[in-house]
Structure formats: structure tokens, C-alpha cells
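Listed below, chain by chain, are the residues.
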Amino acid sequence: MLDYAAFPDQRQALIKQILQEQGRVVCVDLARQLGVSEHTIRRDLHELSKEGICKKVYGGAVIQLPEAGTFLLRKEQNHAAKEMIATACASLIKNDSCVFIDAGTTNLAMALALPEALSLTVATNAPDIAAVLLKHPNIDVIMLGGHIDKKSGGCVSHTAIEQLRNIHFDQAFIGGCAMSPESGLTGFDFADCEFKNVAIKQSNQTIVGLTADKIPGVARFAVAGCDEIHVLVVEEQLNKAFYNAFRAENITLITV
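Residues numbered from 1 in each chain as written. Predicted model: local features only at pLDDT ≥ 70, side-chain atom pairs only at ≥ 80, totals over all residues. Heavy atoms only, no water.

**Q** So what's going on with the overall build of the chain? Which residues, and what values?
**A** When helices and strands are tallied, the chain shows 10 helices and 15 strands. Taking 256 residues into account, the globule formula puts the C-alpha radius of gyration at 18 Å, and the chain, at 20 Å, falls close to it. Taken over the C-alpha atoms alone, the chain extends approximately 70 × 35 × 30 Å along its principal axes. Within the span of the chain, comprising 256 residues, buried residues form 51% of the whole. Put simply, of all contacts in the chain between residues at least 6 apart along the chain, 60% involve residues at least 24 apart. (Helix = DSSP H or I, 4+ residues; strand = E, 2+ residues; numbered from the N terminus. Rg over C-alpha atoms; globule rule 2.2 N^0.38 Å. Buried < 20%, exposed > 50% of the residue type's maximum accessible area, 1.4 Å probe, protein only. Contact = heavy atoms within 4.5 Å.)

**Q** So what's going on with the nonpolar core? Which residues, and what values?
**A** Formed by 34 residues in total, the largest nonpolar core has its most connected members in Phe 100, Ile 174, Met 179, Ile 215, Leu 232 and Phe 246. Those elements that place two or more of their residues in this core are β4 (98-101), α8 (158-164), β9 (171-174), α9 (190-201), β12 (206-210), β13 (221-224), β14 (231-234) and α10 (240-248). For this core, the leading source of residues is α9, giving 5 residues. For Ile 215, the contacting residues outside a window of four places in its chain are Met 179, Leu 210, Leu 232, Val 234, Leu 238, Phe 242 and Phe 246. In this structure, Ala 88, Val 99, Ala 126 and Leu 133 belong to the second largest nonpolar core, which totals 25 residues. (Core = buried A, V, L, I, M, F, W, Y, C linked by side-chain atoms within 4.5 Å.)

**Q** Tell me about the packing of aromatic side chains, residues and numbers included.
**A** If you walk through the whole model with that rule in mind, you get 3 aromatic pairs. Plain terms: the ring middles of Phe 100 and Phe 195 are 5.9 Å apart, the flat faces sit at 55 degrees to each other, and that makes the pair tilted. A residue pair is termed long-range when its members are at least 10 positions apart, and Phe 100 in strand β4 and Phe 195 in helix α9 qualify at 95 residues. The same class applies to Phe 100 and to Phe 195, which are both buried. Taking 5.6 Å as the distance between ring centres and 80 degrees as the angle between the ring planes, the aromatic pair formed by Phe 190 and Phe 221 counts as edge-to-face. With Phe 190 in helix α9 and Phe 221 in strand β13, this pair connects stretches of sequence that are 31 residues apart. Among the aromatic residues, those joined into a ring-pair cluster are Phe 100, Phe 169 and Phe 195. (Phe/Tyr/Trp six-rings, centres within 6.5 Å; stacked < 30°, edge-to-face > 60°.)

**Q** Would you mind going over the sheet that holds strand β3 (residues 60-63) in detail, with residue names and values included?
**A** Reading across the sheet, the 3 strands line up as β1-β3-β2 and stay open at both edges, with antiparallel pairing between neighbours. Of all strands in the sheet, those bounded by a partner on one side alone are β1 (24-26) and β2 (54-57). Going across the sheet, the axis of each strand differs from the next one's by a mean of 20 degrees, ignoring polarity. One ladder, built from 3 bridges, connects β1 with β3; its direction is antiparallel. (Pairing = 2+ DSSP bridges. Axes fitted to C-alpha atoms, helices over the stretch in contact; angles between N-to-C directions.)

**Q** Give me the lowdown on the packing of helix α5 (residues 79-90) against helix α6 (residues 105-113), citing residues and values where you can.
**A** Look at α5 against α6: their axes get within 8 Å of each other, and the N-to-C directions meet at 55 degrees. With respect to α6, the axis of α5 lies oblique. Between α5 and α6 lies a crossing whose hand is right-handed. Each of Lys 82, Ile 85, Ala 86, Thr 87, Cys 89 and Ala 90 in α5 lies in contact with α6, whose residues at this interface are Thr 105, Thr 106, Ala 109, Met 110 and Ala 113. Tallied by class, the residues present in the contact of α5 with α6 amount to 7 nonpolar, 3 polar and 1 charged. (Parallel < 35°, antiparallel > 145°, perpendicular 65-115°, else oblique. Left-handed = near helix turned anticlockwise from the far one by under 90°. Nonpolar A, V, L, I, M, F, W, Y, C, P; charged D, E, K, R; others polar.)

**Q** Could you give an account of the sheet that holds β14, naming the residues involved and the relevant values?
**A** Overall, parallel pairing links the 7 strands, which are arranged β6-β5-β4-β9-β12-β14-β15 in an open sheet. The open sheet has two edge strands, β6 (139-143) and β15 (252-255), and neither has a second partner. Averaged over all pairs of adjacent strands, the angle between their axes in this sheet comes to 20 degrees, without regard to strand direction. Where β12 lies against β14, 4 bridges are found, and the strand directions are parallel. Paired with Leu 210 across the bridge in β14 is Val 234. Of the strands in this sheet, β4, β9 and β12 are in contact with α6, which crosses β9 at around 130 degrees.

**Q** Go over unusual backbone geometry, please, and point to the residues and values.
**A** A cis amide bond links Ile 215 with the next residue in sequence, Pro 216, at an omega value of -10 degrees. In this fold, Pro 216 is placed in the loop between β12 and β13. For Asp 96, which is not glycine, the phi dihedral falls at a positive 65 degrees. Note on placement: Asp 96 falls in the loop between α5 and β4. Although it is not a glycine, Asn 250 adopts a positive phi angle of roughly 65 degrees. Tracing the sequence through the fold places Asn 250 in the loop between α10 and β15. Note on Asn 250: relative accessible area 68%, which makes it exposed.

If you want it as C-alpha cells, here you go:
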């Protein structure tokens, strides 16, 4: 049996493998499994975090996910899962309410799934979502303007933020790149994450729809802590441990 205390490269390779398979690691468990001190494990995690493999959190680390690419590229990924999540999100919207729909491929699918009889006001920073909603007979559309970020597919400029601050929403449907119980919802673009954070502050309820491959994980910039997210809509294949961890954060989980 390999003496992991004597071979740091092999030890870190195993930790990396566990991160890739499970999404996160706990220092005390790794120390017991590998026969080394927790201090050694924390040092290993520090080295792995410098390589961009993980982000250290209290008691362990969470895998750092790679960027998913442009909006146009993401539109071609995970169609079936996004449509199921989108349909579940759409069912949460109340008639005659005012909601914000964030840019994103799952939220675009949600816009397409809104029932024809639903009457409401929708503000969005995404031109493609606004274009879909303009065809809806009973939806008033507010388009938040400014420079369009090609990665996110939405306007995230100062102009859009100032417009956002003048509206109070019943619900905000927020997209994200990664989420974990420890780090909350995170993203890769600073301006986009800042915009999302303002939208959350303007809303009575925050709803996030994510495919299971984004959980657990962490991106570079914070969007919202778990305490700011009220509902998480996710695929039913979500690991039970994360399901319980999010419920412990008082998040309502809806699986599809």
C-alpha cells in the first residue's frame, strides 16, 4: 500500500481525483484516509487551489469548474435537462406578478415555456428572452439596456444596473455557473455577477435553476450566498448529500 505521507505528488493526484469524482473534499476525512495530518491536507489543498483545481472553503475544498464558453455554445448543451428545469421554474410564476428573468440558456427555455394565459410584467437584460416574450399575448416586457456581454448574452452595464434598481420584483430567476453549499452561487464574469447580485436585492424571492453538473462547484466571483436563495430547481440525480446540505441552508429544492 502506498505511503501517502512520503509521496506528496501521488497524494495530491488522489485528492484531485476525489475532487473530480465527488466535487468536494473534507480535510478531516482525507487526513484519516491518507494517514497524514490535517495540516498536510490543508497544504495540499493550497497547492491545488493555486493550480485552479479547487477553492478552499471552511473544513475542505470545492472543485473549481471550467468556464462553459459563450452563450451561443451553451445553447447547444443539455437541452433536455434545461427544458425540464425551465418548465418547473415557469410553473412557480404567479399571475399578475412582476418578475426579473436573468440572461441564460435555461432562462431562455423558461421564457418559451410560459403559459399563454399567464399575465405578468417581466424585466430582462437578455435580448433573446425579450424577443420571445414580445410574442406572448399577456406579458408586458421591460428591456434593461446597455452594452451586451457576449459571454452571458445579457446587458450588465452600469445603465442596466441603474434601471434594475428602480424596479421591485416579486421573483427573480437568476442564472449561475456553479453552486455549492459552502460558496453559494458563483459565476465567471465579474460584471455579470455584480448585476445578478443587484437583481437579487431587488426581489422578494430568488429562484435558481441549475443542471446537476454545476453542483458542487465554484467559479471565480460570488453571486449570492445560500441564505439569499429561496428556491433551487435541479435535476433529480443531484447527490443526496448536497440535497440535504442545501435543505439545511433553508433552500426549497424542486427536482425534475
